[in-house]
Amino acid sequence: MKKAIKYAGLYFIVTAAAVIMGYPLLWLLLAAFKENTEIFTSFSLFPKIFTLQGFINGWKSIAAIPFSVFLINSCKMVIPTVFLTILSASLVAYGFSRFEFKGRTLLFTIMLSTMMLPNTVIMIPRYILFNRFGWLNSYIPFYIMAAMASNPFFTYLLVQFFRGIPTSLDEAAYMDGAGKWQILIKIILPLAKAPLVSALLFQTVWTWNDFFNPLLYIDRVKLYPVSLGLRLAIDADSAINWNSIIAMTCVSLLPVIILFLCMQKYFVQGIATTGMKN
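This is a predicted model, so every value here is computed, not measured. (Residues numbered from 1 in each chain as written. Predicted model: local features only at pLDDT ≥ 70, side-chain atom pairs only at ≥ 80, totals over all residues. Heavy atoms only, no water.)

A. Layout of the overall build of the protein chain. The number of helices and strands found in the protein chain is 13 helices and 0 strands. In sequence order, the secondary structure elements of the protein chain are arranged as α-α-α-α-α-α-α-α-α-α-α-α-α. Taken over the C-alpha atoms alone, the protein chain extends approximately 70 × 70 × 35 Å along its principal axes. Burial analysis of the protein chain (278 residues in total) assigns 38% to the buried set. Put simply, 72% of the contacts in the protein chain that link residues at least 6 apart link residues at least 24 apart. Between the mean site of the 21 positive side-chain charges and the mean site of the 10 negative ones, the protein chain shows a separation of 6 Å. (Helix = DSSP H or I, 4+ residues; strand = E, 2+ residues; numbered from the N terminus. Buried < 20%, exposed > 50% of the residue type's maximum accessible area, 1.4 Å probe, protein only. Contact = heavy atoms within 4.5 Å. Lys, Arg positive; Asp, Glu negative; His and termini not counted. Charge placed at Lys NZ, Arg CZ, Asp CG, Glu CD.)

Below, the structure written as structure tokens:
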């Protein structure tokens, strides 16, 4: 009986927390179907009149540019960035976890220390560097930072998992004639599917939602991702069409939500397994 009461209380707390955290998303979704005048004049969660006009108007034009342009721009920015992040982080993590070389501990410590470095410290040097290279108003800064494994979090995440893979597997593969690259591609990476998916999801969400870096490196409206496109709509119109903005916000959330739902199994597994490594 006590056990049943304990579980009932636990489920109640979890359900209450889920309702509290999910309510803003539910309000956002239902507000997209409201008329513009009703959004901030009614306390009702459900719209008095369901309308798709917000989706229609928002898709046709956000600040005189079709919203599809912003979605395509976000895909152009996010997909290569995520791919290069996974590639570079895997290579660096493989080197730290499987190779003995002079200064490895020092370099790994320096890499970890950069996790505590505020972004504002390197913001201006990065901007000056990219400006001199002529990379502004393009997505090259995002690609280069991803290719150089500039985010140590992903490297650390993979190092923790790679260290948990028995080296006996490497030795067995080496005895069968496999080289270092083959061991990485055919042994290490297939076993590291869960942390790789975790890194993929983290980088996808962070890059998709990033507002400051695109604002810093891009000033051409036609190159704006969805984060800047939605903000542009507020500045461009004297009378803000909140239903269109909220509707397009829901649309912009869909790719990330679908990706997470498809890969949540590996995401949870990756966080759990890397968290148990010492």
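B. Layout of the packing of helix H8 (residues 167–175) against helix H9 (residues 180–191). The contact between H8 and H9 brings their axes to 10 Å, and the two run at 150 degrees. The angle between the axes of H8 and H9 places the two elements in the roughly antiparallel class. Regarding H8 and H9, the two cross each other, and that crossing is right-handed. For the pair H8 and H9, the contacting residues are Leu169, Asp170, Ala173 and Tyr174 in the first and Ile183, Ile187, Ile188 and Leu191 in the second. Classifying every residue of the contact of H8 with H9 by side-chain character gives 7 nonpolar, no polar and 1 charged. (Axes fitted to C-alpha atoms, helices over the stretch in contact; angles between N-to-C directions. Parallel < 35°, antiparallel > 145°, perpendicular 65-115°, else oblique. Left-handed = near helix turned anticlockwise from the far one by under 90°. Nonpolar A, V, L, I, M, F, W, Y, C, P; charged D, E, K, R; others polar.)

C. Focus on the nonpolar core. With 55 residues, the main nonpolar core has Phe67, Phe70, Phe162, Ile188, Tyr217 and Met248 as its most contacted residues. Of all the elements, helix H3 (residues 67–98) adds the most residues to this core, at 11 residues. Residues contacting Ile188, with those up to four places away along its chain left out, are Tyr94, Arg98, Phe162, Ile165, Asp170 and Ile183. (Core = buried A, V, L, I, M, F, W, Y, C linked by side-chain atoms within 4.5 Å.)

D. Region of interest: the side chain of Ser244. Topologically, Ser244 is positioned in helix H13 (residues 242–275). Beyond its immediate chain neighbours, meaning those up to four positions away, Ser244 contacts Gly54, Asn57 and Gly58.

E. A nonpolar patch on the surface, seen in detail. There is a patch of nonpolar side chains on the surface, built from Phe83, Leu87, Leu91, Trp181 and Ile185 and spanning about 560 Å² of accessible area. Taken together, the elements giving at least two residues each to the nonpolar patch come down to H3 and H9. The element contributing the most residues to the nonpolar patch is H3, with 3 residues. By secondary structure assignment, the location of Leu91 is in helix H3. (Patch = residues over 30% accessible without salt bridge, like charges linked within 9 Å, V, L, I, M, F, W, Y side chains within 5 Å. Areas by Shrake-Rupley, 256 points an atom, 1.4 Å probe, with all protein chains shown as cover. Salt bridge = Lys/Arg side-chain N within 4 Å of Asp/Glu carboxyl O.)

F. Broad picture of the pattern of salt bridges. All told, the structure shown has 2 salt bridges when counted by the stated rule. Among the ionic pairs, Asp170 bridges to Arg98, the shortest N-O distance being 2.6 Å. Of the two residues, Asp170 is situated in helix H8 and Arg98 in helix H3; the sequence distance between them amounts to 72 residues. The same class applies to Asp170 as to Arg98, namely buried. The partner of Arg104 in a salt bridge is Glu100, and the shortest N-O contact between them spans 3.4 Å.

G. Quick look at the environment of Asn243. Within the secondary structure, Asn243 is located in helix H13. Once the C-alpha coordinates of Asn243 and Leu30 are considered, the two residues, 213 residues apart in sequence, prove to be 10.0 Å apart. Setting aside chain neighbours within four positions, we find Asn243 in contact with Ala32, Lys34, Glu35, Asn36, Ile39 and Gly54.

H. Summary view of unusual backbone geometry. Phi at Asn137 takes a positive value of approximately 60 degrees, unusual for a residue other than glycine. Residue placement: Asn137 occurs in the loop between helix H5 (119–133) and helix H6 (140–147). At Ala149, a residue that is not glycine, the phi angle is positive and equals roughly 55 degrees. Its place among the elements puts Ala149 in the loop between H6 and helix H7 (152–162).

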